[in-house]
Amino acid sequence: LDVAEGKGGGTDNGSATVVTSEQILGQHLSSILSEMATRARKGNSHVWPNEELYLIVMKVFSQVGTLTAANTARRLLGRLEKSIQEAQASRNGISGGEEAGISSRPRLHAYHLVLQSYRNVMSSPRKKHVRTAVTEAEKLLLNELQNVDSHGLVPNVVSYNLLIDTLSRAGHGVIPNLCDRVDAVVEMMVGREGFLLLVGETDRANTPWLDPHTGSSTAAKSPTQHVTPDMFTKHLLLGIYASKSSDRRYTERAKHLLASMEESRERKVASAAGDSTSPKRRRRGTADRGWSEDDFFMTLPNRETYNAVLRSLLQTSEAVQTNALPSDEYNTNTPAAFEEDAIYATGLLDAMIRHEASQPSKFTYNYILRLWAKSGARDAGLHAEDILSRMEVRSAICAGAKGGGGGAARLSPAEIPKPDALCYQNAIACWGVSAAKSYPAAASRAMMLLNKMEAQCSPGYESFGNDDVRNYLLDHIYNESVRPNRFVFATLIMSCACTQLDADKADALRIAFDAYNRMIDMGLAPNSETYANLLKICKNLLPEESQRDQRNQLSQTVFEAARDHGQVNARLLMRLRDVNPVLYESYQN
């Protein structure tokens, strides 16, 4: 056991003790248990292995992460059950068995170790092993532990969380009917009505319950004693439902669970703040939180909880709109639910910043920016600029806290929400949405974002030598992560192509080709999509018959540039046919 915990010393000759794996350690310990049991049966009752020894060995196997090790832990549980029964039988005539305090079954912790063993198999690359481990874990909890009459044990919230966590780690890719199987576990945990209340679907109280394994309608099972889900249960369920991107119903479940978690947390915070005798330690400067962050449940919902809901909203919208940016087939009749999702997501920011464990990261803000880019809202660009401003304020706060120590000093660069090129790209895409909804000067606002990006980039040298003040400017004022790339320029050009207001078309045309020229000056090679969008601009922004000569001349210049760069394809030719059919026919011939 010392070796398993990293306490093993060296051999007599000073060389390090070498152990190939926990699997080998478990085999050694298991053989010791077998030898002890054999000697005890031969009359040496003093060496009969007790439950603690079995738990030690099962713990080692639970950490291996293979199906073989998990099955070994399961067999050890069976041996433990048999050993306890034999020990009880041998003592019944001496001390009265049960009256002497001898347990007739293993403790619940032994079953939890086996569940942990199967849960750790989820990291295996072999999907067949993962599926087998999930099935075995379900059998252990739902078939054996639920059989109260046989075992005398009642599974608690940890028991269910271990199984739900196992299913969560397996994922939808390995378990196609994952949500159905999780639903069955939760229904067993809290009952049918409790399940529907938990996921916010009380209107489905009279719908038939389908067995997740057979697909047939079945009467809902109910345990003898219901178990109340805790915050971790809700966190796990939210993650499972949120990752089911093809069904809006599961996104709504995730939102309902998040609201329930927020409500529970606020109640605990209020209770702790009002209880002067609370044993929880308060952090300096966080009197509004009241609880120590050592309390795990007070860290939920955390940042990943919120991000899971945001990802689910984004994936749901992608099932309808496959492109986050304004596309050639941009539909101005975007479902109203998309704008509602963006408004809801923006509102989550206010809840996240109130708790240290849920501080938004760069990914959080990008999810929200992309939701606005899909929203079809006329003011999407304004919301995007507001989010960028909030990112800048938040990153400045994090940078100050990081320099002064404290909790923010532990933030990784990805967690500090400093805007980068992708953030600005998504914000420019939002202005494309506004341009498609006839928001005035949308293309000009998008161009201002590009100018802002370029202004933050360093002047091109890495250091000022020993000049600490000027070097500080390089490190803290300039931001190389916002240097525009070809995707940023392509997004700006697409946003210009979406312009609908006649008064803005001349500016949008100038901005689009200005962006193209800057792109070339920076040595960024445009792709065929960029040239196709420039042709679209020629058609959309020069639509009048009086502009035909200018339209034909400009489209010919774009096509020749695309041809010279080897970017002519079927999509580009389709655009050319729409804007300049004469040139298209001559090229085809």
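Bear in mind the structure is a predicted one, so any value in this text is a computation, not a measurement.

Peer 1: Explain the overall build of the chain residue by residue, including any values.
Peer 2: The helix and strand inventory of the chain stands at 23 helices and two strands. Across the 589 residues that make up the chain, the buried fraction comes to 48%. Taking the contacts inside the chain whose residues are at least 6 apart along the sequence as the reference set, 71% of them involve residues at least 24 apart. By element, 50% of the accessible surface of the chain is carried by carbon and sulfur atoms, the whole surface being about 28,500 Å².

Peer 1: How would you sum up the side chain of Arg119? Please name residues and give values.
Peer 2: Structurally, Arg119 can be placed in helix H4 (residues 108-120). Ignoring anything within four residues of it in the chain, the contact list for Arg119 reads Leu162, Asp165, Thr166 and Arg169.

Peer 1: Break down helix H15 (residues 421-436) for me, with residues and values.
Peer 2: In a regular helix each residue adds 1.5 Å, so 16 residues correspond to 22 Å; H15 covers 23 Å between its end C-alpha atoms and thus fits that length. Near the N-terminus of H15, the side chain that reaches the backbone nitrogen of Leu422, with its oxygen 3.2 Å away, is that of Asp420. A positive phi of about 65° marks Ser438, the residue just after H15.

Peer 1: Which residues make up the environment of Lys452, and what are the values?
Peer 2: Take Lys452: it is sitting in helix H16 (residues 442-456). Taking the C-alpha atoms as reference points, Lys452 and Arg483, separated by 31 residues in sequence, lie 10.0 Å from one another. When sequence neighbours within four positions are dropped, the list of residues in contact with Lys452 reads Glu392 and Tyr424. Looking at Lys452, its side chain comes within polar contact range of the side chain of Glu392, at 3.1 Å.

Peer 1: Residue-level account of the packing of aromatic side chains, with values.
Peer 2: Under the defined criterion, the tally for this structure stands at four aromatic pairs. Consider the rings of Tyr241 and Tyr250, whose centres lie 5.6 Å apart with planes at 25°: the pair is stacked. Above the plane of the ring of Tyr241 lies Arg253, whose end atom (NZ or CZ) is 4.8 Å from the centre. The ring centre of Phe487 lies 5.8 Å from the NZ or CZ of Arg486, which sits over that ring.

Peer 1: How would you summarise the packing of helix H19 (residues 502-521) against helix H20 (residues 528-541) if you had to cite specific residues and measurements?
Peer 2: Across the interface, H19 lies against H20 with an axial gap of 10 Å and an inter-helix angle of 160°. Comparing their axes, H20 and H19 come out roughly antiparallel. Crossing of H19 over H20 shows left-handed handedness. Between H19 and H20, the contacting residues are Lys505, Ala508, Leu509, Ala512, Phe513, Tyr516 and Met519 on the first element and Thr530, Tyr531, Leu534, Ile537, Cys538, Asn540 and Leu541 on the second.

Peer 1: So what's going on with helix H8 (residues 178-198)? Which residues, and what values?
Peer 2: Spanning 21 residues, H8 covers only 18 Å between terminal C-alpha atoms, well under the ideal 30 Å at 1.5 Å per step. At Gly191, H8 shows its largest kink, close to 115°. Among the 21 residues that make up H8, 17 are buried, leaving the element largely enclosed by the rest of the structure. Where H8 terminates, the next one or two residues include Gly200, which has phi positive at roughly 75°.

Peer 1: Tell me about unusual backbone geometry, and name the residues and values.
Peer 2: Here Leu300 and Pro301 are connected by a cis peptide whose omega angle stands at 0°. If you trace the backbone, Pro301 turns up in the loop between helix H10 (248-274) and helix H11 (303-318). Of note, the phi angle at Ser438 is positive, near 65°, even though the residue is not glycine. Inspection of the secondary structure puts Ser438 in the loop between H15 and H16.

Peer 1: Break down the packing of helix H2 (residues 51-62) against H4 for me, citing the residues and quoting the values.
Peer 2: Running from N to C, H2 and H4 point in directions that differ by 15°, and their axes come no closer than 8 Å. For the element pair H2 / H4, the angle class is roughly parallel. The handedness of the crossing between H2 and H4 is left-handed. Contacts between H2 and H4 involve Leu55, Met58, Lys59, Phe61 and Ser62 from the former and His109, Ala110, Leu113, Val114, Gln116, Ser117 and Asn120 from the latter. Split by residue class, the contact of H2 with H4 holds six nonpolar, five polar and one charged.

Peer 1: Outline the side chain of Ser358, supporting the account with residue identities and numerical values.
Peer 2: In this fold, Ser358 is placed in the loop between helix H12 (336-352) and helix H13 (362-374). Residue Ser358 is classed as buried on the basis of its relative accessible area of 0%. Non-local contacts of Ser358, meaning those with residues more than four positions away in its chain, are made with Arg265, Pro301, Asn302, Arg303, Tyr306, Ala351 and Met352.

Peer 1: Please give an account of the pattern of salt bridges that cites residues and values.
Peer 2: Taken as a whole and assessed by the stated rule, the structure comprises 29 salt bridges. The residue Glu263 makes a salt bridge to Arg267 at a minimum N-O spacing of 3.1 Å. On the criterion of helical spacing, the pair formed by Glu263 and Arg267 is a turn pair, its members being four residues apart in helix H10. Between Arg390 and Asp350 there is a salt bridge; the shortest N-O distance is 2.9 Å. Linking Arg390 in helix H14 (residues 380-403) with Asp350 in helix H12, this pair joins segments that are 40 residues apart in sequence. Under the relative-accessibility criterion, Arg390 is labelled partly exposed at 23%.

Peer 1: Which residues make up the confidence of the model for the chain, and what are the values?
Peer 2: Averaged over every residue, the pLDDT of the chain is 82; the share at 70 or more is 76%. The low-confidence segment residues 94-102 (pLDDT under 50) makes 10 contacts with residues lying over four places distant or belonging to another chain.

Peer 1: Give me the state of the cysteines: which residues, what numbers.
Peer 2: Under the definition given, this model contains zero disulfides. The thiol sulfur of Cys498 is not disulfide-bonded, and the nearest other cysteine sulfur, from Cys496, lies at 9.1 Å.

Peer 1: Requested: an account of the environment of Leu534, with residues and values cited.
Peer 2: Assignment of secondary structure puts Leu534 in helix H20. The exposure class of Leu534 is buried, given its relative accessible area of 1%. Residues Leu534 and Ala490, 44 residues apart in the sequence, show an inter-C-alpha distance of 9.5 Å. If we skip the residues at most four places from it in the chain, Leu534 touches Ile493, Ala512, Phe513, Tyr516 and Val558.

Calculation rules
- Residues numbered from 1 in each chain as written.
- Predicted model: local features only at pLDDT ≥ 70, side-chain atom pairs only at ≥ 80, totals over all residues.
- Heavy atoms only, no water.
- Helix = DSSP H or I, 4+ residues; strand = E, 2+ residues; numbered from the N terminus.
- Buried < 20%, exposed > 50% of the residue type's maximum accessible area, 1.4 Å probe, protein only.
- Contact = heavy atoms within 4.5 Å.
- Areas by Shrake-Rupley, 256 points an atom, 1.4 Å probe, with all protein chains shown as cover.
- Expected span 1.5 Å × (residues − 1).
- Polar contact = N/O pair within 3.5 Å; in protein donor to acceptor, adjacent residues only side chain to side chain.
- Phe/Tyr/Trp six-rings, centres within 6.5 Å; stacked < 30°, edge-to-face > 60°.
- Lys NZ or Arg CZ within 6 Å of the ring centre and 35° of its normal.
- Axes fitted to C-alpha atoms, helices over the stretch in contact; angles between N-to-C directions.
- Parallel < 35°, antiparallel > 145°, perpendicular 65-115°, else oblique.
- Left-handed = near helix turned anticlockwise from the far one by under 90°.
- Bend = angle between axes of the 7 residues up to and from the residue.
- Nonpolar A, V, L, I, M, F, W, Y, C, P; charged D, E, K, R; others polar.
- Salt bridge = Lys/Arg side-chain N within 4 Å of Asp/Glu carboxyl O.
- pLDDT = per-residue confidence, 0-100.
- Disulfide = S-S within 2.5 Å.

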